[in-house]
Amino acid sequence: MNTNLAPRPKKIIDEEVKWDTSSIIISKTDLKGTILYMNDTFEEASEYPKVELVGEPHNIIRHPDMPKVVFKVLWKALKNEENFHAIVKNLSKTGRYYWVITDFEVERDQNGKATGYTGRRKSIPQSVIDKIEPLYKTLLKIEQVKGEKASELYFNAYLEEEIGKPYNEFVLDLFDQQNLNFQKQTTRDTIKKGLTWFFFGD
Ligand SMILES: Cc1cc2nc3c(=O)[nH]c(=O)nc-3n(C[C@H](O)[C@H](O)[C@H](O)COP(=O)(O)O)c2cc1C
């Protein structure tokens, strides 16, 4: 793989990418997280042309502000073949950022065997960012100073003590707490669980 095709940003710019935040950003990967497909909105938000991203690992858009433990929890769920939701700050090609909620779905063949994953992302309101960002900053700091294991232990204890539920459910609650008027029913059946109402309901 010629990784020069998808250069990573040389510097981080503390500025949001401009993208059509009413659209859904979609990507599909194999079981290892190698990008197989992305839609036009992914291209717009990430600022990478599709040709540069296909075949690259999905961590190409990992933002350095994201704590590693969030992805550890994500991959644990995916390996267990569970669908998952996460709030993620992503990095664009020019070093800018965009916050999204991602609904991860396990793709299966006719025999029910997992073949890959689909991520569908939507923009999130500032009120939700304000709730999650302080936690991510704390986790990142712990990772930098005390290491990943300490961050993971803190994360688990935080969820148990302050939230009382796993991260996956905490993420959904953040939306409910904001009293956002999202319609929870939908006729679309492309996403069977989780944030269907969030993606297609309004
Ligand atoms: C379908 C799918 C979509 C993903 N989307 C993102 C994403 O938007 N941003 C991101 O940083 N990681 C995403 N990941 C996780 C990455 O594969 C990777 O675990 C993460 O960027 C952290 O990098 P690391 O595992 O090298 O530490 C996705 C994984 C899958 C399977």
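A brief report on the enclosed structure follows. The structure displayed is predicted, hence computed values, not measured ones.

1. A few points about the packing of helix H3 (residues 68–79) against helix H5 (residues 148–163)
- The geometry of H3 relative to H5 is characterised by a closest axis approach of 9 Å and an angle of 70° between their N-to-C directions. Between H3 and H5, the angle is such that the two are roughly perpendicular. Only Glu148, Ser151, Glu152 and Phe155 of H5 make contact with H3, whose side of the interface consists of Lys68, Val69, Lys72 and Val73.
- Grouping the constituent residues of the contact of H3 with H5 by class yields 3 nonpolar, 1 polar and 4 charged.

2. A few points about the packing of aromatic side chains
- Across all of its chains, the model carries 6 aromatic pairs by this definition.
- Each member of the aromatic cluster is reached from another via a ring pair, and the members are Phe84, Phe155 and Tyr167.
- Seen from the ring of Tyr97, Lys89 lies directly overhead, with NZ or CZ sitting 4.6 Å from the centre.

3. Remarks on the pairing of strand E4 (residues 97–108)
- By the criterion of burial, E4 is predominantly enclosed, with 10 of the 12 residues buried.
- Here strand E3 (residues 84–91) pairs with E4 via 8 bridges, running antiparallel. Bridged to Asn90 within E4 is Tyr98.
- The antiparallel hairpin formed by E3 and E4 contains 5 residues in its connecting segment, where Gly95 sits at a positive phi of about 90°.
- Sheet topology note: the E4/strand E5 (residues 114–123) ladder contains 9 bridges and is antiparallel. Residue pairing in the sheet places Asp103 in a bridge with Arg120 of E5.
- The turn joining E4 and E5, which pair antiparallel and follow one another in sequence, is formed by 5 residues; a positive phi near 85° is taken by Gly112.

Parameters and conventions
- Residues numbered from 1 in each chain as written.
- Predicted model: local features only at pLDDT ≥ 70, side-chain atom pairs only at ≥ 80, totals over all residues.
- Heavy atoms only, no water.
- Axes fitted to C-alpha atoms, helices over the stretch in contact; angles between N-to-C directions.
- Helix = DSSP H or I, 4+ residues; strand = E, 2+ residues; numbered from the N terminus.
- Parallel < 35°, antiparallel > 145°, perpendicular 65-115°, else oblique.
- Contact = heavy atoms within 4.5 Å.
- Nonpolar A, V, L, I, M, F, W, Y, C, P; charged D, E, K, R; others polar.
- Phe/Tyr/Trp six-rings, centres within 6.5 Å; stacked < 30°, edge-to-face > 60°.
- Lys NZ or Arg CZ within 6 Å of the ring centre and 35° of its normal.
- Buried < 20%, exposed > 50% of the residue type's maximum accessible area, 1.4 Å probe, protein only.
- Pairing = 2+ DSSP bridges.

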